[in-house]
Amino acid sequence: MLDTAPAVRKPPGRRSAGRSRPRRRPRFGPYLLIAPTVVVIAVLMFWPMIQIGIMSFQKVGTRQLRGEPAESVGLENFKDILGDPFFWTTFKHTVLFAVVAVSLTMVIGTLVGLLLNKLGKRMSNLVAGGVMVAWATPPITAAIIFTWLFGTTGGLVNWTLDLLPDFLVGGDWLGYNWFSKPLPTYTVLTICVVWQACPFVAVSVLAGLKSVPSELYEAARVDGSGPWRTFWSITYPILKPIFLVVLVMSIIWDFKVFTQLFIMAGMANRDAFNLSLYAYSEAFGSMNPKLGDGSAIALVLTLILLIVTALYVRVMVRQGETR
């Protein structure tokens with residue numbers, strides 16, 4: 001009798017136990033494409049950072065710059081700067097300025113972004129292009145502009161304040177020096193930095209608002225939700241990843257402000273120093289440079305920024321997991 005049982009077929013898509021999957025050859029093309037960028041970053045950033053790390057544990061002065069070998073001092077440079085009250089004064093200036101500048105940047109930038117989203121297409125493009133001019137302005141140019149605006153001789157701000165009634169703004173403003181004390185100096189610096197940083201936040205918020213479904217806002221209007229409640233119930237939760245990234249980046253930028261403060265206050269006004277200007281002053285601002293102390297201050301500032309950068313990377317990873 002013939003065996004008419006159907007032949008057992010293997011399920012499609014499955015490989016036999018004895019056959020191994022072919023190995024994929026590594027693709028070196030993408031790595032070769034990014035190799036020049038990695039080399040440039042390593043030469044321009046990583047190597048100087050390594051040099052700063054080495055010098056922070058050495059005594060480096062004029063003799064060492066002439067070719068004499070540097071003397072290793074261990075943690076002495078860090079003990080000197082951390083034991084100096086002026087270091088903590090500059091640290092306080094850095095932190096307070098970052099808190100105020102970042103807060104104003106986030107609030108004003110968000111409001112500008114919301115305004116751009118409410119405007120028509122042509123007007124929104126026009127205003128967005130205008131505010132981007134401020135962001136594209138180099139820091140040194142912005143510092144010169146605001147130094148002229150708040151200058152003691154021919155400054156537009158002092159001239160305008162002097163025209164106002166005395167009961168509103170006080171006495172004579174024509175000879176007022178905004179850069180002689182820390183508070184007015186950082187007031188001008190905050191205005192300058194916020195003016196330059198707001199466009200980036202505004203455009204980022206505007207890009208995020210374009211991705212929010214309009215049906216959500218229509219439903220909120222039907223429910224009788226006001227602008228404030230709509231923002232915290234719909235806009236903020238959806239744009240929270242953007243707000244976090246922009247916040248961390250603003251902290252990094254404002255924590256290491258140097259160019260604007262250097263031009264406005266200069267090296268003579270030590271009372272207005274922040275950590276960046278203090279490190280520069282110790283390393284290059286005197287006839288007897290202390291590159292070891294300056295490197296130690298720069299390394300402390302770098303470590304603080306690396307912690308903030310780690311938070312930024314964590315935000316980016318969380319964004320990638322939610323997509």
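On a predicted model such as this, the values are computed, not experimentally measured, just so you know.

Caption draft 1: Structural context of the environment of Ser250. Take Ser250: it is sitting in helix H11 (residues 227–255). For the pair Ser250 and Phe200, spaced 50 residues apart in sequence, the C-alpha to C-alpha distance is 9.6 Å. Not counting residues within four places of it along the chain, the set of residues in contact with Ser250 comprises Val102, Thr105, Met106 and Val201.

Caption draft 2: Up close: the packing of helix H6 (residues 139–149) against helix H9 (residues 182–209). Running from amino to carboxyl end, H6 crosses H9 at an angle of 135°, the nearest separation of the two axes being 10 Å. The angle between H6 and H9 falls in the class oblique. For the crossing formed where H6 meets H9, the hand is right-handed. Taking contact as the criterion, the partners of Pro139, Ala142, Ala143 and Phe146 in H6 are, on H9, Val188, Ile191, Cys192, Trp195 and Gln196. Here the residues of the contact of H6 with H9 sort into eight nonpolar, one polar and no charged.

Caption draft 3: Structural context of the side chain of Thr185. Looking at where Thr185 falls in the secondary structure, it is placed in helix H9. Overall, the relative accessible area of 0% leaves Thr185 in the buried class. Not counting chain neighbours up to four residues away, the residues in contact with Thr185 comprise Trp178, Phe179, Ser180, Leu261, Ala265, Asn269 and Ala272.

Conventions we followed
Residues numbered from 1 in each chain as written. Predicted model: local features only at pLDDT ≥ 70, side-chain atom pairs only at ≥ 80, totals over all residues. Heavy atoms only, no water. Helix = DSSP H or I, 4+ residues; strand = E, 2+ residues; numbered from the N terminus. Contact = heavy atoms within 4.5 Å. Axes fitted to C-alpha atoms, helices over the stretch in contact; angles between N-to-C directions. Parallel < 35°, antiparallel > 145°, perpendicular 65-115°, else oblique. Left-handed = near helix turned anticlockwise from the far one by under 90°. Nonpolar A, V, L, I, M, F, W, Y, C, P; charged D, E, K, R; others polar. Buried < 20%, exposed > 50% of the residue type's maximum accessible area, 1.4 Å probe, protein only.

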